[in-house]
Amino acid sequence: MLVVDGIHSYYGKSHVLEGVSLEVKAGELVTLLGRNGAGKTTTLRSIAGMVRPRAGSITFEGRETVGRESFQIARSGVAFVQESRGIFGLLTVEENLRVAERKGGRWSIEDVYQMFPRLRERRRNGGRALSGGEQQMLAIARALVNDPKILLLDEPTEGLAPVIVDEIVRILRGIRESGMPVLLVEQNIAVCEKLADRHYILEQGRIVYAGSRDDFAADPAVRDRYLALSA
Amino acid sequence: MANVYVFQVLNGLGLGMIYFLISVGLTIIFGLLNFVNFAHGAFFLLGSYLCYTTVAWTGNFWLSLIAGPLVVGALAWVAERVLIVRVYHLPHTFHILITLGIALIIQESAIMIWGPVGKSVPVPELLQGVVRFGNFAYPQYRLFLIVFSAVIGLLLWLLLERTKFGALVRAGSENPEQVALLGTNIFRLFSLTFALGVALAGVAGVLSAPLRGAHPFIGTEVLGLAFVVVVIGGMGSFSGALVGGLLVGLVQSLMTSIWPQGASLMIYGAMAAVILLRPYGLFGRA
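Cut-offs applied
- Residues numbered from 1 in each chain as written.
- Chains lettered and ligands numbered in written order.
- Predicted model: local features only at pLDDT ≥ 70, side-chain atom pairs only at ≥ 80, totals over all residues.
- Helix = DSSP H or I, 4+ residues; strand = E, 2+ residues; numbered from the N terminus.
- Rg over C-alpha atoms; globule rule 2.2 N^0.38 Å.
- Buried ≥ 20, exposed ≤ 12 C-beta atoms within 10 Å, placed from the backbone.
- Contact = placed C-beta atoms within 7 Å.
- Nonpolar A, V, L, I, M, F, W, Y, C, P; charged D, E, K, R; others polar.
- pLDDT = per-residue confidence, 0-100.
- Pairing = 2+ DSSP bridges.
- Expected span 1.5 Å × (residues − 1).
- Axes fitted to C-alpha atoms, helices over the stretch in contact; angles between N-to-C directions.
- UniProt positions renumbered as here; feature names shortened; annotations may be inferred.

### Notes on the overall build of chain B
Now for step 1: Within chain B one finds 11 helices and two strands.
Now for step 2: Listing the helices and strands of chain B from first to last along the sequence gives α-α-α-α-β-β-α-α-α-α-α-α-α.
Now for step 3: For chain B, whose C-alpha radius of gyration is 19 Å, the value lies close to the compact-globule estimate of 19 Å for 286 residues.
Now for step 4: Summarising its shape, the C-alpha atoms of chain B cover approximately 60 × 45 × 35 Å along the three principal directions.
Now for step 5: Out of the 286 residues in chain B, the part that is buried amounts to 49%.

See the structure below:
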């Protein structure tokens, strides 16, 4: 479904991704792990067309996306929820959804209100008035009404209280069970283990590990080697 | 004596609404595109000349009120597609350079086409009379100007606050990258908004033609005033353009009865005071 093949991305002169390859198949939830600065966000930004890889290819449903504008990639069904969440503070909750809504999509605004009753309560509130957890819910809801075929999520639980994290995990599980493929970047390993079918680990711009949920769980050395906080 | 002030207040409202129409376009363009349009006054000038020509050829002011803004908006759309789109990612100095260039081209073309001497435009026949309130009489056209601009302002407000296009413009003024991530063609949104903002300057140019005529250097003067309005009201703010426009219009108009030489002083003094007390303008946000 989504195939990233040997991409090299740069910010100015700094070489952030040095040949990243990964794949997300239909219906899979795949996590991309790694320490800060490993290039996880840059990988997502490259897929979404916000950074243009200088080499390598990214195909989504068989079509090359490198070189296309980010709005075209979004229209083809790639929804990217950024770590900053990108909620429009000048717009109400409902307007945030309306600007993203696509008629005839799989999720309507009514559907996402059912998934996130809190958002319905706050529909007339400005985006700026939302808590971090509500912003994250709105960001996910907004991506869903945009009628995506794949969801890219960048650290959806970052900075949220444990009870809200559980709520987000529950929602992500629901999204996964609906058959929506997800590529998840997440620092919280517990969250990843609960959700993922497969894991990739990124280090210094390269994929250094790829394995199934069971392989990863059975091999604590991998975790220690690549993900433990360096002293 | 009191009548003189009523008269000047009404004049000030009319003038203020024209300033509002000019400034609101400037401010919407700045808000969404983060782009300073120094050609805004020149497009106003073009609106005035198009009004002159349309009335000269057809005798129909109303036709010019439709055709003027359409032509001005279409030219703005072309200018955006061909030139301006190339400098968005560059610093503001480049925006100023390219739009100042466009302004000069428009102004000099106007001199070539219509000559260096100003043209006057007759008040449309339908509105040549006066409206009487008791023993007070006020020109119909000036009243029409106030009402018509208010209607345009209301329609614009509805467009910005109640439609998806408006929500996209507001969202884009905050985070255009995110708007693109939701699948909106941000380049088209920019072009449309630029054309809309400039067309409003065209409307203002047409409306002011029967009062002030069309002359080649009116663009520069109007641009300066529009910046004053936007600085007072706050860059990117609809309400700011309305309040700032009315304030400048009323001050200018009342000062002509009180102390004509001081009109500009008062306006720029007000702007200086706003900059000192509220650097982002009355309705601006940091």
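### Focus: the interface of chain A and chain B
Now for step 1: Each partner contributes to the interface: chain A provides 17 residues, whereas chain B provides 16 residues.
Now for step 2: Within the residue set of the side of chain A that touches chain B, elements represented by two or more residues are α2 (70-75) and α3 (93-98) of chain A.
Now for step 3: Take the side of chain A that touches chain B: its biggest share by element is four residues, from α2 of chain A.
Now for step 4: Per-class residue counts for the side of chain A that touches chain B are 10 nonpolar, four polar and three charged.

### Details of the confidence of the model for chain B
Now for step 1: Looking at chain B as a whole, the pLDDT averages 93, with 99% of positions reaching at least 70.
Now for step 2: Reported confidences for the modelled complex are a pTM of 0.92 and an ipTM of 0.93.

### Observations concerning the pairing of strand β6 (residues 78-81) of chain A
Residue and element names in this part refer to chain A.
Now for step 1: In β6, alternate side chains face the same way, and those of Val78 and Phe80 on one face and Ala79 and Val81 on the other are all buried.
Now for step 2: Relative to strand β7 (residues 150-154), β6 is paired through four bridges, and the arrangement is parallel. Within β7, the residue paired with Val81 across the bridge is Leu153.

### Regarding unusual backbone geometry
Now for step 1: The residue Glu155 of chain A is not glycine, and still its phi comes out positive at about 45°.
Now for step 2: By the secondary structure assignment, Glu155 of chain A is in the loop between β7 and α7 (162-177).
Now for step 3: Judged by C-beta crowding, with 22 C-beta atoms within 10 Å, Glu155 of chain A ranks as buried.
Now for step 4: Backbone geometry places Asn34 of chain B, a non-glycine residue, at a positive phi of 50°.
Now for step 5: Structurally, Asn34 of chain B is set in the loop between α1 (2-33) and α2 (40-58).
Now for step 6: Looking at Asn34 of chain B, the number of C-beta atoms within 10 Å reads 15, which means it is partly exposed.

### A closer look at helix α9 (residues 218-233) of chain B
An α-helical turn contains 3.6 residues, so any two residues separated by three or four positions project in the same direction.
All names here are of chain B.
Now for step 1: In this model α9 runs 22 Å from its N-terminal to its C-terminal C-alpha over 16 residues, within 8% of the 22 Å that 1.5 Å per residue would give.
Now for step 2: With 12 of 16 residues buried, α9 lies mostly within the body of the structure.
Now for step 3: Of the residues making up α9, those classed as buried are Ile218, Gly219, Val222, Leu223, Leu225, Ala226, Val228, Val229, Val230, Val231, Ile232 and Gly233.
Now for step 4: Following α9 by one or two positions, Gly234 has its phi on the positive side, about 110°.

### With respect to the sheet that holds strand β10 (residues 206-212) of chain A
All names here are of chain A.
Now for step 1: On the basis of which strands lie adjacent, the open sheet formed by six strands has the order β6-β7-β8-β3-β9-β10 and mixed pairing. Of all strands in the sheet, those bounded by a partner on one side alone are β6 and β10. Averaged over all adjacent pairs, the angle separating strand axes in this sheet is 15°, with direction ignored.
Now for step 2: As defined by bridge partners, strand β9 (residues 198-203) adjoins β10 across six bridges and the pair is classed as antiparallel. Bridge pairing links Tyr200 to Ala210 in β10.

### With respect to the sheet that holds strand β1 (residues 2-11) of chain A
The pairing of strands in a sheet happens through backbone hydrogen bonds and is either parallel or antiparallel.
All names here are of chain A.
Now for step 1: Across the sheet, which stays open at both edges, the four strands sit in the order β2-β1-β4-β5 with antiparallel pairing between neighbours. The two strands at the open ends of the sheet, each matched to only one other strand, are β2 (14-24) and β5 (63-64).
Now for step 2: In terms of strand pairing, β1 meets β2 through eight bridges, oriented antiparallel. Counterpart to Val3 in the pairing with β2 is Glu23.
Now for step 3: The sheet strands contacting helix α1 (residues 40-47) are β1, β2 and β4 (55-60), and the helix crosses β2 at an angle near 70°.

### Quick look at the UniProt feature "transmembrane region" (unreviewed entry) in chain B
All names here are of chain B.
Now for step 1: Feature annotation in UniProt assigns "transmembrane region" (unreviewed entry) to the following positions: residues 12-33, 38-55, 61-84, 96-117, 141-160, 189-211, 223-251 and 263-283.
Now for step 2: The annotated region residues 61-84 carries 92% helix and 0% strand content, and the separation between its end C-alpha atoms amounts to 32 Å.
Now for step 3: Annotation note: span residues 96-117, helix share 86%, strand share 0%, distance between end C-alpha atoms 27 Å.

### Quick notes on helix α8 (residues 186-212) of chain B
All names here are of chain B.
Now for step 1: Helix length check: α8, at 27 residues, gives a terminal C-alpha distance of 38 Å against a target of 39 Å (1.5 Å per residue), a fit within 8%.
Now for step 2: Across the 27 residues of α8, 22 count as buried, placing the element largely inside the fold.
Now for step 3: Positive backbone phi, at 70°, marks Gly213, one or two positions downstream of α8.

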